[in-house]
Structure formats: structure tokens, C-alpha cells
Amino acid sequence: MVRELLGSKRAVSPVVASLLMIVITIAGFGLMWSSTNQWISLQRTNEMQVIRERLIIEDAWFTNGEEKFVNLTMTNIGRIDLMIRYVKFNEVTVLRMEDEELLSVGRGETVYRIIEDFDWDTNTEYRVTLITDRGNRFEAVFVSP
Amino acid sequence: MRLCLCRHKATRLRRDRRGQATVIGSIFFFMIALTLITFIYEIAQNQIVMQHQDAERVTETIDSELLVLPDGDLLIKVKNRGPIPVKLIGLWVIDKNDNIHIRYDIPDEKCDVFPWEEIEINTTIDTMNPDWDPLNETHEYSIKLVTDRGNILEPRPFQAISGETITITGYPPWVSLGETDISLNSSETPVYQLSKAQHSIVAYDGGDGFLSLKNTGDIAFILTINSRVIFRSDATGVYTGELIEWAIWDPVEWEEVDAAGIAQGKDSRAIYPGDVVIVKFEKPSGGLETMRDILSGYTYHVYLHLAGYDERGNTYFQDIYYGIVPSW
């Protein structure tokens, strides 16, 4: 009887097929689950950080010494630290910071940044735009002296 | 016999695998759905928190009085007229003659102003960081008070003559600059009152006020009845006119949006990027004596205070300065 059963191969194929199906299903779900989870947690982190960013530009000091430059003062009024990547004046990029030199503004912190070699015109309206690393734009308008 | 049947049934149920896939599939589906719902819920919660913060920022209302003291000191009186506490975080003093900008920290004991409370900051007595640099009597100065919610109170520039008092009252005190790109529209709208045209402003002649603007930004926004036109005169005070309606050029005809039916604006017509709008306000009233109609014969600084929501659901507000307008 035992010998007969061991010799019989008729039920092997359905068992292997079932096992394969189970493995494929589990692997498929696992893959789907982990990628969904990863995507969601990434989105969650990004979205929430984007939503929580707030920044004000308190002042733009247009100075005219040996060289013209602008001193920008900004305060983080949001609920998260942020990094500034771009500074634009009237939609023209005057400062683009690489990853290692991003201007960091901690929560509640006031920082300033000097924009060198910016040849501003007198008595002109400038729309200053700061773009953060997460893509938020913050703007203010200042008139040069 | 019954026991035998039950045992048989239990064995049958254990071996019956029909419906297992449905159950497992449902569990998988619910797990994914639950994760997605949690994600959306958390995003919504964050949106609500930040909208609340934005709304608080709009709600802040403070009056201020600046008095130039002998020896170039400054006495700043700040009164909170709003329903929420205000925290002052910085004082800017800008010397217009020498083009020098100095930011002073407000002393800790003077930075919180609770509703209906008034505080006085004496720049000599109170410890300022950096140390107070006395004002020069022959120079013109500009002052900015910054709150922790991001509002900036900025009165008109003044001469630092001892005894000179500069009062800033009324609604809204802010001339804070916006987060969205809106420009005054000079030539595209046939607005006959207060519109900027060819670098001049058409005089206001009483009655309803009309202002034109164009959304040159990249996001749509929706106005609410909290929008105001503000006429400010140092002699007579501040007058405000409530939003009545606005008309959007669609671009075949003007499409009117009635402000009266708008509760908080979500159902009203959005102003999309590129839209040209005429905003209509009632005759401004208020002034030093409340609810009094605007007085003729004075010169007014005119502001447009836009309030509403942008298409991302953020509270939207912007104060636009139109310039000096002689009244009728």
C-alpha cells in the first residue's frame, strides 16, 4: 500500500500547482503591499511637509556700496524646518543653491541672506520669490530706494 | 446521532475551501483601503491645521501708535483689537535717508499682546537687541512690526521729529504682501473709479467703489465677503467698504458673481489665472467715528484687501495698495 502510494505520481501536479499559485499570490501581494506602503509613506511625508511650510519675507534691503547687493530677511512661520533652493527677482533666478548649500530656516527662525552681484535699478518694484526644496513658493514685493 | 452529524458537518466545513480566496482578497483589499484612507485622513488633518493657522493670521487685528520721544527714542503703543492673542517678534527701523535697515528683537516681556490689551514698548527702557540706535530728527523713517503669524504692520514713513505721533488704526492694519501673483490691471477693464490707468488713479466720486485687477498668477482663487476696500486718511481715519459683487470677463461678456449668496466662498465662481475682474464694493464707512460715511474733501490711501480661498484650499488673502486717491 505504502509502496503503491509512493510510486504514484498522479496527485503531484495539482499539489505543485497549488503551491506555486500560493507562492505567486503571496509574492504578488507582498510586492504590491510593500510598494503601496512605500509610496504612501513617501507621499505622506512629502505632502505633509509641503502643507506645513510657511515663510514670510520680512525685508529686502537694497544696498549700494562698492557693489550692489540685496539683503533678504525671512522668517519661518510654518510648522516644519525648510530649505530654500531658489531666489527670484521678478521671475528671474538670481540665486540657485545646490544640495549642499541650501539655505536652511528652522521653525520660528529668522535668517538673512545676501544676494550678491544683483544689479538692481533704483525706485523699481521687485517681486521677490523664494522657492523651497519641497517646491513651495513664497513671495513679497519690495521697492528699491 | 446528533453528535455524529455535528462532527461530520465540522469536518466538512474545515475541508470546504470555497470562498477562501474571496475572504483573503477582501482582507488584502481592506488593508490597502485602510492605508489609503489613513493617508488621506492625515493629509486632510494637516490641511485643516494649516488652514486654521492661515485663518488666525487673517484674524489678527492690532492698532499701533508711535510717538517720537526726545533724544531719538521711540514709544510704541500696540493695542490688540482682535479676538486672538498676538505675539510680536520683530521691529524694523528703516532709515530712508541713509538706507539703513535694522531689525530689533522685541523683549520677551513685551511680545505677547492679549485681546483688548495694550502694551507700550519704550525703545530706551526696554532692552532691545541690538541696542537701540537713536533716531535722527532730520531723517525719514519707516517702521515695521512683525508678528509670529507672519503679519507685518507698517505705518506710513515719518519724520523723526520729537513729539510726532503716528497712529495706525482700523481695519485691516496690514499691508502684508501676498502669496499669489495678482496684478492691478491698468487697461483691460473699463473701470471708471479708482482704477490704475496710465500711472494715474481716477478719482473716487462717492457711492459704490470699483477696482480692477487681473490674476496673473498660476493658481485660481475664490473671493469671500471678507474682502474689503480700505480708504485710509491720517486726518479722518479708516473707512471700509464691503464686497458686493465681482464681475469676470469670460471673455465674451461680464459674468457677475453676487457676494451676498456666498457664505465662505467654496461654491462661488473662481477667478482663474488670466481672468480679468472688476470688484464692486459698497460705499466705505467707519472712520474715527464708527459707521460714518466717508468724508469728502480729503486725500485717501486706498487698499484692496482680498480674502478667500485658493484652489488648493489654502486661506487666501492679499492687500494691494492702489495709491493716493483724492475724493470728490
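The structure presented is a predicted model; accordingly, all values stated were derived computationally and were not measured. Here the residue numbers are simple positions, counted from 1 along each chain's written sequence. To label them, take the chains in the order written and letter them from A, then take the ligands in the order written and number them from 1. Note on the predicted model: pLDDT of at least 70 is required for a residue's local features to be given, and 80 or more for side-chain atom pairs to be given and counted; whole-chain, interface and lining totals, by contrast, use all residues.

Turning next to the overall build of chain A. Looking only at helices and strands, chain A features two helices and eight strands. Runs of H or I in DSSP of at least four residues are treated as helices and runs of E of at least two as strands, each being numbered from the N terminus. Reading chain A from its N terminus to its C terminus gives the helix and strand order α-α-β-β-β-β-β-β-β-β. The buried share among the 145 residues of chain A stands at 23%. Long-range contacts, defined here as pairs at least 24 residues apart, represent 55% of the contacts in chain A between residues at least 6 apart. Exposure is read from a count of other C-beta atoms within 10 Å of each residue's own; the residue is exposed at 12 or fewer, buried at 20 or more and partly exposed in between. C-beta atoms are placed from the backbone. Any pair of residues counts as being in contact when their C-beta atoms, constructed from backbone geometry, are within 7 Å of one another.

Let's shift gears to the interface of chain A and chain B. Listed as interface residues are 25 residues of chain A and, on the opposing side, 24 residues of chain B. Those elements that place two or more of their residues in the side of chain A that touches chain B are helix H2 (12-52), strand E1 (55-64), strand E2 (68-76) and strand E8 (137-143) of chain A. With ten residues, H2 of chain A is the single largest residue contributor to the side of chain A that touches chain B.

Our focus in this paragraph is the environment of Glu42 of chain B. Counting through the fold element by element, Glu42 of chain B comes out in helix H2 (residues 20-59). Using a count of 14 C-beta atoms within 10 Å as the deciding quantity, one classes Glu42 of chain B as partly exposed.

All names here are of chain B. Scored by pLDDT, chain B has a mean of 77; 77% of the residues are at 70 or more. The quantity called pLDDT is the predictor's confidence in a given residue, expressed from 0 to 100. Averaged pLDDT values over the elements of chain B bottom out at 53 in strand E12 (residues 196-197) and peak at 92 in strand E4 (residues 100-105). Note on residues 170-180: pLDDT under 50 across the span, and 41 contacts to partners over four residues away in sequence or across chains. Model confidence for the complex is summarised by a pTM of 0.66, with the ipTM given as 0.77.

The next subject is H2 of chain A. Take the residue count of a helix, subtract one, and multiply by 1.5 Å to get its expected span. Spanning 41 residues, H2 of chain A covers 59 Å between terminal C-alpha atoms, matching the ideal 60 Å at 1.5 Å per step. Among the 41 residues in H2 of chain A, two count as buried, and that is only a small part of the element.

What follows covers the pairing of strand E2 (residues 74-80) of chain B. All names here are of chain B. Residues Leu74, Ile76, Val78 and Asn80 line the buried face of E2, whereas the alternating positions Leu75, Lys77 and Lys79 sit on a face that is not buried. One bridge is not enough; two strands pair if DSSP finds at least two bridges between them. The turn joining strand E1 (residues 62-68) and E2, which pair antiparallel and follow one another in sequence, is formed by five residues; a positive phi near 70° is taken by Asp71. As paired elements, E2 and strand E6 (residues 118-122) share five bridges and run antiparallel to each other. Bridge pairing in E6 places Val78 opposite Ile119.

Attention shifts here to unusual backbone geometry. All names here are of chain B. In this model, Asn129 is joined to Pro130 through a cis peptide bond whose omega is 0°. Counting through the fold element by element, Pro130 comes out in the loop between E6 and strand E7 (140-147). Of note, Asp71 is a non-glycine position whose phi angle comes to about 70°, a positive value. The topology assignment puts Asp71 in the loop between E1 and E2. A positive phi is found at Asn99, a non-glycine position, where the angle reads about 55°. A count of 13 C-beta atoms within 10 Å places Asn99 in the partly exposed class.

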